[in-house]
Amino acid sequence: MQKLFFSSMMGVVLAFANPVMAAGDVAAGKAKAAVCAACHGMDGNSPSDMFPKLAGQHESYLVKQMADFKSGARKNAVMAPMVAGLSEQDMADLGAFFASNKVAPGAVSEELLEAGQTVYRGGNKESGLPACMACHGPTGAGMPAAKWPALAGQYSKYTELQLNAFADDTRNNDPSSMMRDIAKKMTADEMKAVSAYVAGLH
């Protein structure tokens, strides 16, 4: 089952990998990121779990999310006006800057560690839920070519919110409904546990 899922995912990688992306300039991105600092921190390590950490995230994923916020493919009342005036080069520069920084490590709640690890590494055979690491890797590093995000160190609150958004279709900018289909197979407890688990991955 896991091999079949991984083969399907690799097909999606090849279908959605886009080699034609503007090369980002880290120095230019650092200057442009000043406006992002209030929410996401100077280096992309947000000071509050109300906002996601961007540090260490893949440039390709960040560029896609900014483009989706701008086009409306991903709806967010805060981010839409922030990206409205960005060019493709601006997005590439910002993506390169945040990707160049290291994410601040998080901690895993001991009471959720075992349950989170079980879901992340093994999924749930009874519900058909695949292992998260099939796409996001054993250390939560993600896969840049497919624009699958790194999860390691991300605030658990943010990850859990995104899983719920995918599950109820309020976030729908995932290729081929991949994350929506997965999130809909997850229980609330599984979402909470795996979100806590990835916060401590490194």
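Conventions we followed
Residues numbered from 1 in each chain as written. Predicted model: local features only at pLDDT ≥ 70, side-chain atom pairs only at ≥ 80, totals over all residues. Heavy atoms only, no water. Patch = residues over 30% accessible without salt bridge, like charges linked within 9 Å, V, L, I, M, F, W, Y side chains within 5 Å. Areas by Shrake-Rupley, 256 points an atom, 1.4 Å probe, with all protein chains shown as cover. Salt bridge = Lys/Arg side-chain N within 4 Å of Asp/Glu carboxyl O. Helix = DSSP H or I, 4+ residues; strand = E, 2+ residues; numbered from the N terminus. Axes fitted to C-alpha atoms, helices over the stretch in contact; angles between N-to-C directions. Parallel < 35°, antiparallel > 145°, perpendicular 65-115°, else oblique. Left-handed = near helix turned anticlockwise from the far one by under 90°. Contact = heavy atoms within 4.5 Å. Core = buried A, V, L, I, M, F, W, Y, C linked by side-chain atoms within 4.5 Å. Buried < 20%, exposed > 50% of the residue type's maximum accessible area, 1.4 Å probe, protein only.

Asker: What should I look at first to understand a nonpolar patch on the surface in this one?
Answerer: A grouping of V35, V78 and M82 is seen on the molecular surface, where their side chains present a nonpolar patch of about 270 Å² in accessible area. Summarising the element assignment, V78 is placed in the loop between helix 4 (59-71) and helix 5 (79-83).

Asker: So what exactly am I meant to see when it comes to the packing of helix 4 against helix 6 (residues 88-99) here?
Answerer: To characterise two packed helices, one gives the angle between the axes of the helices and the distance between these axes. Where helix 4 meets helix 6, the axes come as close as 8 Å, and the angle between the chain directions of the two elements is 140°. Here helix 6 runs oblique to helix 4, going by the angle between their axes. The hand of the helix 4/helix 6 crossing is right-handed. Each of E59, L62, V63, M66, A67 and K70 in helix 4 lies in contact with helix 6, whose residues at this interface are M91, A92, L94, G95, A96, F98 and A99.

Asker: Explain the nonpolar core to me, please; I cannot follow it from the model alone.
Answerer: Within soluble globular proteins, side chains that are nonpolar generally end up buried alongside one another. If you look at the biggest cluster of nonpolar residues, it comprises 20 residues, and the most contacted ones within it are V119, Y120, M186, V194 and L201. In terms of residue count, the dominant contributor to this core is helix 11 (residues 188-199) (four residues). Excluding residues that lie within four positions of it along the chain, Y120 makes contacts with A131, C132, M133, H136, G137, P138, G140, L151, V194, Y197, V198 and L201.

Asker: Before we go on, may I ask you to explain the pattern of salt bridges in this structure?
Answerer: Working definition: two side chains of opposite charge can pair if their charged atoms are close together. Inspection of the entire model under this criterion finds seven salt bridges. With its nearest N and O atoms 2.6 Å apart, the salt bridge here joins D93 to K32. Here K32 lies in helix 2 (residues 26-32) and D93 lies in helix 6, a separation of 61 residues in the sequence. Among the salt bridges present, the one from D169 reaches K184, with a minimum N-O distance of 3.1 Å. Of this pair, D169 sits in the loop between helix 9 (156-167) and helix 10 (178-183) while K184 sits in the loop between helix 10 and helix 11; the two residues are 15 residues apart in sequence, bridging distant segments of the chain. By sharing partners, the salt bridges in this structure join K32, D90 and D93 into a single network.

Limitation: the analysis is restricted to geometry and does not speak to function.
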